[in-house]
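Descriptive analysis of the structure
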Amino acid sequence: MRLGGVITVLVLIGLGFATAYFVTDDWIESNIEYEASVLNEAKVEFDGFEFSLLNLKLKWDRLQVANKNSTMENTFETGETEFSMQFWPLILANKVVVNNVKLTGFQLATERETDGYFEIPEEEKDQEPGFIYSVVDQVTSQARKNAEVKFTDIRDDLNVDSLMARIDIRTDDKIDSLRNGIRKTYTKWDSTFNNTNINQEIAQINKRVDSIKVQEFKDPQKVVAMIEQVKKLKNQVDSLRNRAQTLKQNFENDYGTSRDEISQVDNWIQDDYQRAVNMAKLPDLDVQNIGTALFGENLLGDYAVYLEYVAIAREYGSRFMGDDGTERIPRYEGVNYQFSDKYDLPGLWFKNVELSGRTLSDVAISGQVTNISSDQKKAGEPIEFNIGGVDENQVNLSLTGEFNYLEERPRESFEFNYSGFTLANAKLSGSDLLPYELKSGKGDVNVALNLTGQRIDSRIDYIANDISFDFASVGEPKNQLESLIRSAIGNTDQIDISALIDNVDGPLRVRLRSNVDDLFMNALRQTVSEKVAEAKRKIEAEVKQQVAGKKEELAAFKSEKEAEIMDRYNEMQTRIQEQLDKVEKKQKELEEKKKKLEEALKNKLKDRIGIDY
């Protein structure tokens, strides 16, 4: 049952009432229909729409909300509805406040006489899909993938050559592209080392050092001055060594990126292998995913519909957060007066909506939706809903929850329960492993969903009780697998299925398990399991053969080019070190020369002093 959309569309329809109370019925009706249709992405239409300004009453005989995914069908419709607005908030503050609305004749999925298609304005089409819609896409993609798995079509004579001819092996091209990238990187660094002025500076330093003739110096002061120049040359060599080290680091970063890319080759091969397996429609035979293959299409498909209703509410939830965008007029200096905040109310506020009607399965339902407002912060209350019913066969239905936009992060939560419905003539699965209808049984479904910001935590539980399968109508088993499955589930009177969809601990996860997973897994192990394994081995061998040796050739090519550049660097580093040694040696020679000249000068002074005495 899909009652989540009822709450959402009720909210959307109410948005158009706030500013239209003083004009004609036709103008009000057309504007509300247009705005609601934009939000619904399909037609929203009223019959017998009337507005009375005299007694502030609004009524309609029928409301139809078209299904955007099937426009000849209504998501729901209502019968006669009438409500009155509070007088003073409307007159004094232009606020539409409604204490109570009785929404009668509610029905789901009714047929339409005309097409409900609605052309969405371009500015609405360009909006970003949002977080919840991205979750819907992932869930529906998973459901679609499950629907494509065909277990009974698996053959043991898989023509690998024919299959591989249809597969675009992408690893070859990626390796070639990576090889070209390495070649460009090598060419860049080869040019860098060829054109660097480090070698020129080494030559200039070497020439300067060679020009210093230590033995020719006679004046200690000139030697001291030359020592200072040699120290500057030494600093220059140290600078060259640092620049060469920076070149090496940048080079290693570039080639490190290539190394990381080479490590992805195995992943590329695995991707090619997985595409071939998918094209061959070979399932992953694992007890962890057998539940998804069996029941994922049905459960995840329904879950995506529930989530779409929440997405609509979230998409337009900002309208309930209290920011009306009104420009504030600056105040002038003057006397302060204290005004009552009695009518500081939301522009639109339906305090209570009483809903009654019937579901598709003819369960009479009733309930309340409270505090639909255009400004939840002024209303001080979230939208809350509580709808339920029971029929004469004790089939129960309930939907409770809230859409809360009072806080910084939007929060939506609801719990839906539908129990005691008949499963006679129903199918529990769309998988070819379980194609049988049920002769009898009762079903219970419970959906719990909590969304806070971009954190989603949800669970679906489906229980089929007192079931019996109708094997007779499909005849004798066609193969060993079908025979084993019938034997496995023939005595099963209850099937429990649980689906967990959350991103609490990281990326979105979709997990399904059932109490019959092991039964099906055992049947598969005895029959198609070996066929699947052999087919996968053939595909894996063929994929690896087509890229055989290329990873090793690529790694060898990279190592060769990397070694060539490292040789260039090592050669440069050797020359720098040789030059540093030469400068230091020259400095030592000058220091020794300075010492000798100073000693000689002292001796001359001593000699002169001795002559004077």
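Whatever comes next refers back to the structure up there.
Residues numbered from 1 in each chain as written. Predicted model: local features only at pLDDT ≥ 70, side-chain atom pairs only at ≥ 80, totals over all residues. Heavy atoms only, no water.

**Examining the environment of D47**
The condition is simple: Think of it this way: any DSSP run of H or I at least four residues long counts as a helix, any run of E at least two long counts as a strand, and we number them from the N terminus. When checking whether two residues touch, look at their non-hydrogen atoms; a contact exists if any pair is within 4.5 Å.
Its place among the elements puts D47 in strand β1 (residues 44–47). Through-space distance from the C-alpha of D47 to that of R62 is 5.0 Å; in sequence the pair is 15 residues apart. Excluding its chain neighbours within four sequence positions, the residues that come into contact with D47 are W60, D61, R62 and Q64.

**Quick notes on the nonpolar core**
The condition that has to hold: Take the buried residues of types Ala, Val, Leu, Ile, Met, Phe, Trp, Tyr and Cys, join any two whose side-chain atoms come within 4.5 Å, and each joined set is a nonpolar core. Working definition: with a 1.4 Å probe on protein chains only, accessible area under 20% of the residue-type maximum means buried, over 50% means exposed, and in between means partly exposed.
L428 and F469 are the most contacted members of the largest nonpolar core, which totals 91 residues. Looking at this core, the element that brings in the most residues is helix α11 (residues 287–315), giving 13 residues. Setting aside its immediate chain neighbours within four residues, F469 contacts L428, L434, Y436, E437, L438, K439, I489 and I495. Residues V209, I262, Y569 and V583 belong to the second largest nonpolar core, which totals 48 residues.

**Observations concerning helix α8 (residues 198–210)**
Convention followed: Helix span is expected to be 1.5 Å times the residue number reduced by one. Note that the arc is computed from the directions linking the helix axis to the C-beta atoms.
Over its 13 residues, α8 extends 18 Å from the first C-alpha to the last, a length consistent with the 18 Å expected when each residue adds 1.5 Å. Residues of α8 that are buried include every one of I198, E201, I202, I205 and V209, and no others. Along α8, the residues classed as buried sweep out an arc of 105° about the axis, all on the same side. With respect to the buried face of α8, the exposed residues turned more than 90 degrees away are Q200, Q204 and K207.

**Section: the pairing of strand β11 (residues 383–390)**
Let me state the cut-off plainly: Here, any two strands with at least 2 DSSP bridges between them count as paired.
Relative to β11, strand β10 (residues 364–373) runs antiparallel, the two being bridged by six bridges. Its bridge partner being in β11, V369 is matched across the sheet by F385. As judged from the eight bridges shared by β11 and strand β12 (residues 396–404), these two strands associate in the antiparallel manner. When the sheet's bridge partners are listed, G389 is paired in β12 with L397.

**A word on the pattern of salt bridges**
Selection criterion: Here, a salt bridge means any side-chain nitrogen of Lys or Arg that lies within 4 Å of a carboxyl oxygen of Asp or Glu.
Under the definition given, this model contains 21 salt bridges. The partner of E41 in a salt bridge is K68, and the shortest N-O contact between them spans 3.5 Å. Separated by 27 residues along the polypeptide, E41 in the loop between α2 (25–40) and β1 and K68 in the loop between β4 (62–67) and β5 (70–78) bring together distant segments of the chain. Judged by relative accessible area, which is 35%, E41 ranks as partly exposed. Salt-bridge contacts for E113 lead to R62; the nearest nitrogen and oxygen are separated by 3.9 Å. Here the residue E113 occupies a position in the loop between β8 (101–108) and α4 (122–125), and R62 occupies one in strand β4, the gap between them amounting to 51 residues. Classification of E113 as exposed rests on a relative accessible area of 61%. Within this structure, D502, D505, R509 and R511 form a network of salt bridges that share partners.

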